[in-house]
Amino acid sequence: MEPTLLCVLLSLPTASVKIVTPQGLLYPGETVTLQCDISDNTDWTYRWFRNNEELLIKTRKNTLSLPDQAGQYSCVGRRRGRPQMSNHSFSLPIIVTALPTASVKIVTPQALLYPGETVTLQCDISDYTDWMYHWFRDKHYLPSQTSKAKDITIPITQTGQAGQYRCEGLRTDRPQRSQPSDAVTISVTALPKTTLTVRPNLAYTGETVTLMCSVGSDSRWNYQWYKDRNYNVVSQSVRHTITGDTLTISTAAESDQGLYWCEGNRVSRPTSSQPSDPVTLTVKALPKTTLTVRPNLAYTGETVTLMCSVGSDRRWNYQWYKDRNYNVVSQSVRHTITGDTLTISTAAESDQGLYWCEGNRVSRPTSSQPGDPVTLTVKDYQPKTTLTSDRESIFTGDSVTLSCTVESPGWKFYWYRHRPDSTPVTTTSGYSYTLSWVRVSDGGQYWCRAGRGDPVYYTLYSDPVQINITERPVAVLTLQPNWTQIFSGETVTMRCDIQGGGDTDWNYRWYKNSPVVISFNTKPEYRISPVYWYNSGSYTCEGVKGNKFSKTSEAVKLTVSDQPQPVLSISPQWLNAGDSVSLSCEVDKTSTGWRFSWYRTVPYRAGLPSLSDKSYSLQPLSDNVTSEDSYTLIPAGPTHTGGYVCRAGRGDPVYDTLYSEPQFLWSGDLQPSVSLTVNPNPTQHFTSKSLSLSCELKGNSTGWRLMSYRERRVKSGCVSNWGSITESTCTITSLDTWYSGVFWCESGSGEYSNAVNITVNVPPGSVVSISLTRLLCGLLVMSPFLLVSIVLTVKCCRARGLCSTVKSPQDQIPCDVIEQNESLV
């Protein structure tokens, strides 16, 4: 028999699922651990399913921890060896049980909640015990309220504790927590507020004041009263009565004023109210009367008026009293009461005494306090005025003030002149009367008297006062010396004479251009020495004697000029034998009072009077000081060339002018010591020609210099750019018209040669072209920057045909040079 192959089909192993933990109910938030068992084999990889859908979880462990997710769970195994898979396990249901829910309720109170009360809340979690209760307000955790007691009590001190309250529980056993409760709203209702009314307010001393406190329309309240900020409780007293909602203050005093408020309390909820807004009670003293008496002091026969007032309110009636025994003053023949006024006619001594008054009326306040008493004094005589004057002797244009005094106030004053029984000159409300800008006719006797009241009551007349008014003296200012022209360095004296002033005890004020120069001077003279340009101006003066002043003088104008220089003229300047010579010295034509000094020039020597440029020293002529502005020279013997100078002086001390410019007297006579020769010596000299001047010395004369008077000035010597100097000869290589003048020689010992008058003329035609050519060449060498000007000049020269007209080849050079430079422009 052939062997038989027996095939046994074995079934796949079957997986089974069980819950490892927890062993009881599963709550939200917990973790469940499942175990998949497959017997007989190992090395399984476990795959898990929930509600027949595979979870993306493969593990070689047979346990699986999952969060609290309900559903039907199963597993299956797979492996590499045989069998490669197992059968699916049966489904294991996982059920999640809901957490217990907390609930909150208000235990007490069951009605409205007010500040100052407490509220009790209870957190209830059924089915379980051993909870720790946690509380929240508006989602904010309240750690201070955490406890194992389910009830909490919260004091309600302010509306800020209102809000949404909830709770939840925590514990050690499962379930470890509860669901939070729904929120309970706690609302805080404000306490009812009291209202305080005060009547009257403003109150017056002695009145009754009623304060009433209320809380809405509810009358089941008791009230507490407070005064001022320090919570002083107002209690029952003699003047303070509390009845229900009313505080009554009888016979109010100023001490009762202040800040009042009230507060309610009761047995039922709410047990208290908010305090009322404070009300300030003002208690004023009764208004006080004011009594005025006019006049006071009074005189017998006068009318006296007493006026009573209470502030500015006129709705009062008044009662009048005299002396301390409350004597009421009533209407009589001499006593009239009209409204607020008591009038006493024809006052007598019996009327004097102590008066006061009191007001009353219908409206509040109904009465016043009596005013301070006033003593009325009545004198049994007619008063007399006293008249005084601040000045009795015055000048016209001044003012004088008369003062009229009497022993009591309230008078008008009446002023009289010449006779007291005449019509008043004027009437014043004040006691003084000022006469301004008086004239001589305003002088004489003055009286005064005073009057007041209606009808007017007059005093006696004053004694007379004499007012003497004289014409105001005039100040006259004179200038000494009285010269129309004053020069810098001179001495000036101004004198102020008071004319018509009577006595001589005057002081003086000096003005320059109106401002005061010297405010007080006992002497009538004002001296300026020396005077300078800044002293120029318009000067006035006036006399001062106490509080009296003279008229201001007419203005005197002082003009100060620079130190003058006289002008000397000599006639004739060319002297012939036997002629006399007149020297004339002229200072400023408007000035006077000069004396003149005359001098002859000599070579400069230290120690002698000299000209400022030290060109010459000066030697006085005989009888050299004259009062006349001319001096006559009568030469004795041969005439001599010589220089002369003058100077003027005036005043005490003497003020001197500058020296004049020297002027010369020329003589053509040959002198024994030195002589001037000219070579060539024709009658005429022409430009561009040469000329030699020689000083020939004779005897013991030493040193020489050639002098000339040209262009109205004295000029010294032989200048190097003229030409050449050899020993005593000066050669001018090319003459020009400006060399014209008088020439002479001077020796070092002061001797003069004969004078020679040289005139240089321009010959016809070529002389101008040669001079112009030489001038242009000189300018070109000295300053190349004049090139443009030179070119323009050359063009002008050519236009006139000057450059073509020359006398020699040398004269052609400048034009050639100019043409070359012109080509460069």
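Conventions we followed
- Residues numbered from 1 in each chain as written.
- Predicted model: local features only at pLDDT ≥ 70, side-chain atom pairs only at ≥ 80, totals over all residues.
- Heavy atoms only, no water.
- Phe/Tyr/Trp six-rings, centres within 6.5 Å; stacked < 30°, edge-to-face > 60°.
- Helix = DSSP H or I, 4+ residues; strand = E, 2+ residues; numbered from the N terminus.
- Buried < 20%, exposed > 50% of the residue type's maximum accessible area, 1.4 Å probe, protein only.
- Disulfide = S-S within 2.5 Å.
- Core = buried A, V, L, I, M, F, W, Y, C linked by side-chain atoms within 4.5 Å.
- Contact = heavy atoms within 4.5 Å.
- Patch = residues over 30% accessible without salt bridge, like charges linked within 9 Å, V, L, I, M, F, W, Y side chains within 5 Å.
- Areas by Shrake-Rupley, 256 points an atom, 1.4 Å probe, with all protein chains shown as cover.
- Salt bridge = Lys/Arg side-chain N within 4 Å of Asp/Glu carboxyl O.
- Pairing = 2+ DSSP bridges.
- Axes fitted to C-alpha atoms, helices over the stretch in contact; angles between N-to-C directions.
- Lys, Arg positive; Asp, Glu negative; His and termini not counted.
- Charge placed at Lys NZ, Arg CZ, Asp CG, Glu CD.

Caption draft 1: Spotlight on the packing of aromatic side chains. Under the counting rule described, the total for this entry stands at 25 aromatic pairs. On the basis of an interplanar angle of 15 degrees and a centroid distance of 6.3 Å, the ring pair of Phe-395 and Trp-506 is categorised as stacked. Taken together, the residues span a long stretch of sequence, with Phe-395 in strand 36 (residues 393-395) and Trp-506 in the loop between strand 46 (492-499) and strand 47 (507-512) at a distance of 111 residues. The same class applies to Phe-395 and to Trp-506, which are both buried. Ring centres of Trp-574 and Trp-666 lie 5.8 Å apart, and the angle between their planes is 40 degrees; on these two criteria the pair is classed as tilted. One end of the pair, Trp-574, is in strand 55 (residues 574-575); the other, Trp-666, is in strand 62 (residues 663-667), with 92 residues separating them in the sequence.

Caption draft 2: Main features of the state of the cysteines. Applying the stated criterion across every chain, the model contains 8 disulfides. Paired through a disulfide, Cys-123 and Cys-167 show a sulfur-sulfur distance of 1.9 Å. Residues Cys-123 and Cys-167 share a disulfide whose torsion about the S-S bond is about 80 degrees; that sign makes it right-handed. Of this pair, Cys-123 sits in strand 9 (residues 118-124) while Cys-167 sits in strand 13 (residues 163-170); the two residues are 44 residues apart in sequence, bridging distant segments of the chain. In this pair, the class of Cys-123 matches that of Cys-167, namely buried. What pairs with Cys-308 in a disulfide is Cys-357, and their sulfur atoms sit 1.9 Å apart. On the sign convention where negative is left-handed, the bridge of Cys-308 and Cys-357, at about 80 degrees about the S-S bond, is right-handed. Taken together, the residues Cys-308 in strand 27 (residues 304-309) and Cys-357 in strand 32 (residues 353-360) connect sequence positions 49 residues apart.

Caption draft 3: Seen up close, the nonpolar core. One finds Leu-387, Leu-402, Trp-411, Phe-413, Trp-415, Leu-435 and Ile-467 to be the most contacted residues of the largest nonpolar core, which totals 21 residues. Among the elements of the structure, strand 37 (400-405), strand 38 (412-417), strand 40 (432-435), strand 41 (444-452) and strand 43 (465-470) are those that each provide at least two residues to this core. In this structure, Leu-402 is in contact with Leu-387, Thr-388, Ser-389, Trp-415, Tyr-431, Ser-432, Tyr-433, Leu-435, Tyr-446 and Ile-467, ignoring residues within four places of it in sequence. Of all hydrophobic cores here, the second largest spans 20 residues; its members include Ala-475, Ile-528, Cys-541 and Leu-558.

Caption draft 4: Seen up close, a nonpolar patch on the surface. On the surface, a cluster of nonpolar side chains totalling about 390 Å² of accessible area is made up of Tyr-532, Trp-533 and Tyr-534. Tracing the sequence through the fold places Tyr-534 in the loop between strand 49 (525-528) and strand 50 (537-545). Look at Tyr-534 and you get partly exposed, because its relative accessible area is 46%.

Caption draft 5: Expanded view of the sheet that holds strand 59 (residues 630-633). The strand order across the open sheet formed by 3 strands is 54-56-59, and the pairing between neighbours is antiparallel. What marks the edges here is a single partner per strand, and that holds for strand 54 (567-571) and strand 59. Each strand axis lies, on average, 20 degrees off the axis of its neighbour in the sheet, ignoring direction. Bridge analysis of strand 54 against strand 56 (residues 581-586) gives 5 bridges, and the strand direction is antiparallel. Each residue of the ladder has a partner; that of Leu-568, found in strand 56, is Cys-585.

Caption draft 6: Structural context of a negative patch on the surface. On the surface, a cluster of negative charge is contributed by Glu-586, Asp-588, Glu-628 and Asp-629. Positionally, Asp-588 belongs in the loop between strand 56 and strand 57 (595-603). Classification of Asp-588 as partly exposed rests on a relative accessible area of 34%.

Caption draft 7: How the structure looks around the sheet that holds strand 31 (residues 341-344). Within the open sheet, the 4 strands sit side by side as 25-27-31-30. Their pairing is antiparallel. Both outer strands of the open sheet, strand 25 (290-294) and strand 30 (335-338), are each paired with one neighbouring strand and no more. Taking the axes of each pair of neighbouring strands and ignoring which way they run, one obtains an average angle of 15 degrees across the sheet. Two elements, strand 27 and strand 31, share 4 bridges in a ladder whose sense is antiparallel. By the bridge assignment for strand 31, Val-304 is matched with Ile-344.

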